[in-house]
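# Analysis of the macromolecular model
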Amino acid sequence: MMAVTSSCKEGNKIAMDNGKYVRYTPEQVEALERLYYECPKPSSMRRQQLIREYPILSNIEPKQIKVWFQNRRCREKQRKEASRLQAVNRKLTAMNKLLMEENDRLQKQVSQLVYEKSYFRQQSQQQAGLATTDTSCDSVVTSGHQHHLTPQHPPRDASPAGLLSIADETLTEFLSKATGTAVEWVQMPGMKPGPDSIGIVAISHGCTGVAARACGLVGLDPTRVAEILKDRPSWFRDCRAVDVINVLSTGNGGTIELLYMQLYAPTTLAPARDFWLLRYTSVLEDGSLVVCERSLNNTQNGPNMPPAANFVRAEMLPSGYLIRPCEGGGSIIHIVDHMDLESSTLLAQKTTMAALRHLRQISQEISQPNVTGWGRRPAALRALSQKLSKGFNEAVNGFTDEGWSMLECDGADDITLLVNSSPGKMMGINLSYSNGFPSVGTAVLCAKASMLLQNVPPAILLRFLREHRSEWADSGIDAYSAAAIKAGPCSLPMSRGGSFGGQVILPLAHTIEHEEFMEVIKLENMGHYRDDMIMPGDIFLLQLCSGVDENAVGSCAELIFAPIDASFSDDALIIPSGFRIIPLDSGTDASSPSRTLDLASTLEVGTAGNRTTGDRSGRCGNSKSVMTIAFQFVYEIHLQENIAAMARQYVRSIIASVQRVALALSPSNFGSHAGFQSPLGCPEAQTLARWICQSYRCFLRMELLKHEGTESILKSLWHHTDAILCCSIKAPPVFMFGNQAGLDMLETTLVALQDISLEKIFDENGRKALFAEFPQVMQQGFMCLQGGFCLSSMGRAVSYERAVAWKVVNDEENAHCICFMFINWSFV
């Protein structure tokens, strides 16, 4: 009998019983390498088949081939781990450099504040002494101070020489904000710098206007970063257009551009804004690339941009991007946005952090060019999300140059109705579909309104609207909207989704940090209009959701959706509707994520006086937000009066539903658990997490979590690096809980997870092996599974090194569910 070794370093040697090693021939290694890429883990039967099919391997025993594949997998794992560690090391090095620079900046700021404090103390003492002798100086000091607050600058010269002077001044001011102490920066609430964070994010304190700054590392070269950031409409959803009016070259190799930019109004209560900007691109002496901008609102002797209808001219103070090459590849970027807006946190979330997130998304797509979302590449899915957002912004703003005109109201001004029958708008409707049906629409009507919300966390309200569509939507109007754009029976490749509140949610794509995700909503047996008849069938909606993270301070929450046709093509017509919630202050609410799990039944309980009042109202404060609602309908022009009445009544009913939900969600009416009872037989998440860890300790005699004391068990379990999934005991086993890694592995959400059965993630052989050993879990309490493969909800193969399953028992020691932990999983 031959003795074999599993040493990873000696994978190309055969260990004989005499202690000598015989190397594989180059031809044998080449053949084995080819086979490895075809199947990295062949079965025993497959290894014997390989020896028969490849004569070059005939002198090698199957056991030796097994050892070779083990060693090869080990080397591959070591290579991936080394590559991962190198990437982490580069990121930590860059992050350390950023933190050291931030520390130096803060030290300079402290020194400056100490000096100013000493200076103002001396000044106040001198003024106090002067006041005792001559009070006439008070008027001089007061008038001088007022003049300082409202300076009157003469018009700036906008000739080529004057523009160059403005560009140099803009560059200096921008750099003093990006790396200096020109603005007092405070850390963005809820943002902690670290290797896994987006970067260092700060907002202004006590400066003119509002400003936000972000520093981070992206895996793109500086030139590519500058190219992406200059294309503002591609990543800034509120940007309607950017037109380059003039371009000038400078003597130092830089470029001056004169830009006209338009921004959508985020709500019906605010005007749209436009900017007349100077953008200066240059390279510093250390090789850093700088792109800085500022408004040109007070100039003469040069080009100018007159006021535009429907827009209010806004001002951008010196802002821009400092892009430095990073050792080992990539770029370190400093982003500064400084405008005359109202909220620095909203500016940081919607503009500054959006730019950094977009760069990271592009970097990941380049490094991992995988096809996701039903065979679509990330760029195509991103284009669909941009189309949804742009269509919703157009509906909210209703610009006349796009063909929108306002209808007369019915006496109540709560709902605004707009119609659009322009050729450009209708051409897309008439040409986008070629399924043989005649066109049913010649115009588009939009009904929109805005409402003030108090003490309602936007993330929780939006999550309820997403998960409980039946609480506010009308199925008949959904069917009409789908029929109006010819959304016939859909031939989408159905992946396993999750049903919730009368709908099925099918995950499609999400961003790196899951702050935005896109999905397809399947409404079953809703009916279709065909020749004045309702035909039974399914309706599909393409839906974009963002802002569901309750810890993201100042984040705008959006739920935008549109019916999709049978082809679901990339160039399909999108007529979106939806909701947008914008916070008006920085009040936060640390509500539990489970608060909307059973809100549908909660809304039917007794009055607020009968509910338990917790201490949450004080923590939430008097937070306010504005919700904007916009719904679009395609219709025949001769039905305009009927459709207008229907749309007005429908939006009013939605507003009433939202107000009812908001009242139920308000902390002033509910305690932390009042009325929110978990589904029958399902414990709260905190309790389930405790049961999972206790059962693991009981049956496997070891701890699942290493640092339970530093944070809650649920939070530690949620952030565990291995995929942890719980399924029910009753047949067929269905998943009921998963941590973040588990949801990522199955490419699903907590809502959709509840409709995925255990057997569906394994192939036939995997199911046989699993259920053959399944009774062992109930008898022994746990079982260990060898490495293998499973499938995500999107149909992608997932490999895992090994898996552990154990029985989860409750406090009465009764079996509650089965928990699986997939260790070192990765997509194949």
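Residues numbered from 1 in each chain as written. Predicted model: local features only at pLDDT ≥ 70, side-chain atom pairs only at ≥ 80, totals over all residues. Heavy atoms only, no water.

### A short note on the overall build of the chain
The line we're drawing: What counts as a helix is a DSSP run of H or I of at least four residues, what counts as a strand is a run of E of at least two, and both are numbered from the N terminus. Three exposure classes are used, based on accessible area relative to the maximum for each residue type with a 1.4 Å probe and protein chains only: buried under 20%, partly exposed in between, and exposed over 50%. Every residue pair with non-hydrogen atoms within 4.5 Å of one another is taken to be in contact. Computed with a 1.4 Å probe, the accessible areas rest on the Shrake-Rupley method; for each residue, only the protein chains presented here act as cover.
Helix and strand counts for the chain stand at 19 helices and 32 strands. Put simply, the chain has 828 residues, and 49% of those count as buried. Sequence separation of at least 24 residues holds for 65% of the intrachain contacts in the chain that already meet a minimum separation of 6. Accessible area of the chain: about 39,300 Å², with a carbon and sulfur share of 53%.

### Digging into the side chain of Ser331
Here is the rule: In protein, a polar contact requires one atom able to donate a hydrogen and another able to accept it; more generally it is a pair of N or O atoms within 3.5 Å, and residues adjacent in sequence count only if both atoms are side-chain atoms.
Within the fold, Ser331 resides in strand 14 (residues 331-339). For Ser331, a relative accessible area of 0% gives the class buried. Among the polar contacts listed, one links the side chain of Ser331 to the backbone oxygen of Leu220, at a separation of 2.5 Å. Each residue touching Ser331, except ones within four places of it in the same chain, is listed here: Gly216, Leu217, Val218, Leu220, Asp221, Pro222, Val225, Ile323, Arg324 and Cys326.

### Re the nonpolar core
Definition in use: Side-chain atoms within 4.5 Å link the members of a nonpolar core, which is a set of buried Ala, Val, Leu, Ile, Met, Phe, Trp, Tyr and Cys residues.
Counting residues in each nonpolar core, the largest one holds 50 residues, and the members touching the most others are Leu461, Trp472, Phe579, Met627, Ile629 and Phe631. Looking at which element gives the most residues to this core, the answer is helix 14 (residues 640-665), with 11 residues. Once residues lying within four places of it in the same chain are set aside, the contact partners of Leu461 are Leu453, Val456, Ile581, Met627, Val658, Val661 and Leu665. Judged by nonpolar contacts, the second largest core, of 37 residues, contains Trp235, Met261, Ile333 and Leu356.

### Thoughts on unusual backbone geometry
Excluding glycine, residues mostly carry a negative phi; peptide bonds, for their part, are mostly trans. In this model, Asn455 sits at a positive phi of 60 degrees, which is unusual for a non-glycine residue. Turning to its location among the elements, Asn455 is positioned in the loop between strand 17 (443-454) and helix 10 (458-467). The buried category is assigned to Asn455, whose relative accessible area is 17%. Positive phi is not limited to glycine here, since Glu813 has a value of about 65 degrees. Mapped onto the elements of the fold, Glu813 is located in the loop between strand 30 (797-809) and strand 31 (815-823).

### Here we look at the pairing of strand 27 (residues 723-727)
Formally: A pair of strands is treated as paired once DSSP finds two or more bridges between them.
Across the 5 residues that make up strand 27, a large majority, 5, are buried. Where burial is concerned, the two faces of strand 27 agree: the one with Ala723, Leu725 and Cys727 and the one with Ile724 and Cys726 are both buried. Both strand 27 and strand 31 contribute to a ladder of 5 bridges, which runs antiparallel. Bridge pairing in strand 31 links Cys727 to Ile818. Of the strand pairs in this sheet, strand 27 and strand 28 (residues 735-738) are connected by 3 bridges, and their pairing is antiparallel. Residue pairing across strands places Cys727 opposite Phe735, the latter belonging to strand 28.

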